[in-house]
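Spelled out, the chains give:
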Amino acid sequence: MAVSATGQGKGGGLLERPIIEKTTPSRESEFDLRKSRKTAPPYRVIVHNDNYNKREYVVQVLMKVIPGMTLDNAVNIMQEAHYNGLAGLIICAQADAEDHCMQLRGNGLLSSIEPASGGC
């Protein structure tokens, strides 16, 4: 910004209007912006059936570890894992999926994670 006073002596000078350059983003910067907004792919948390834990205990752990897990959903997931060998619990960010998996394992349940196909 250029500022100059014209005239002599104290005060009374005129200021030039500042020049503001307008820039438009280049193609490269638009691409970088889109690239930075891209999120990590979602992951699915899976609980596996085992022959050690009682069904009631599995339901309690699911409700404790998975946020927003209701009793009805926990029972349905437990039944699915019991009859099919495994059941999907939740689809979330990889870091959250790893955390849920470790908490399930810490409570004695068999669990794993895998990339989710189809997104959240």
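Look a little higher up for the structure.
These remarks concern the structure in this document. (Residues numbered from 1 in each chain as written. Predicted model: local features only at pLDDT ≥ 70, side-chain atom pairs only at ≥ 80, totals over all residues. Heavy atoms only, no water.)

Focus: the nonpolar core
With 20 residues, the main nonpolar core has Val47, Leu62, Met69, Ile77, Leu89, Leu104 and Leu109 as its most contacted residues. Secondary-structure elements contributing two or more residues to this core are strand E1 (43-48), helix H2 (55-65), helix H3 (71-84), strand E2 (86-92) and helix H4 (94-106). Examining the composition of this core, we find that five residues originate from one element, H2, more than from any other. If near-sequence neighbours (up to four positions away) are discounted, methionine 69 is found in contact with Leu62, Met63, Ala74, Ile77 and Leu89. (Core = buried A, V, L, I, M, F, W, Y, C linked by side-chain atoms within 4.5 Å. Buried < 20%, exposed > 50% of the residue type's maximum accessible area, 1.4 Å probe, protein only. Helix = DSSP H or I, 4+ residues; strand = E, 2+ residues; numbered from the N terminus. Contact = heavy atoms within 4.5 Å.)

Some thoughts on the packing of H2 against H4
Contact geometry of H2 with H4 gives a least axis separation of 10 Å together with a crossing angle of 145 degrees. Seen along the crossing, H2 lies across H4 with a hand that is right-handed. On H4, the residues that touch Val61, Leu62 and Val65 of H2 are His100, Gln103 and Leu104. Grouping the amino acids of the contact of H2 with H4 by side-chain chemistry returns four nonpolar, two polar and no charged. (Axes fitted to C-alpha atoms, helices over the stretch in contact; angles between N-to-C directions. Left-handed = near helix turned anticlockwise from the far one by under 90°. Nonpolar A, V, L, I, M, F, W, Y, C, P; charged D, E, K, R; others polar.)

A short note on the environment of isoleucine 66
As for its placement among the helices and strands, isoleucine 66 is situated in the loop between H2 and H3. Judged by its relative accessible area of 3%, isoleucine 66 is buried. Measuring from C-alpha to C-alpha, the distance between isoleucine 66 and leucine 104 comes to 9.0 Å, with 38 residues separating the pair along the chain. In contact with isoleucine 66, not counting residues within four places along its chain, are Leu89, Ile90 and His100.

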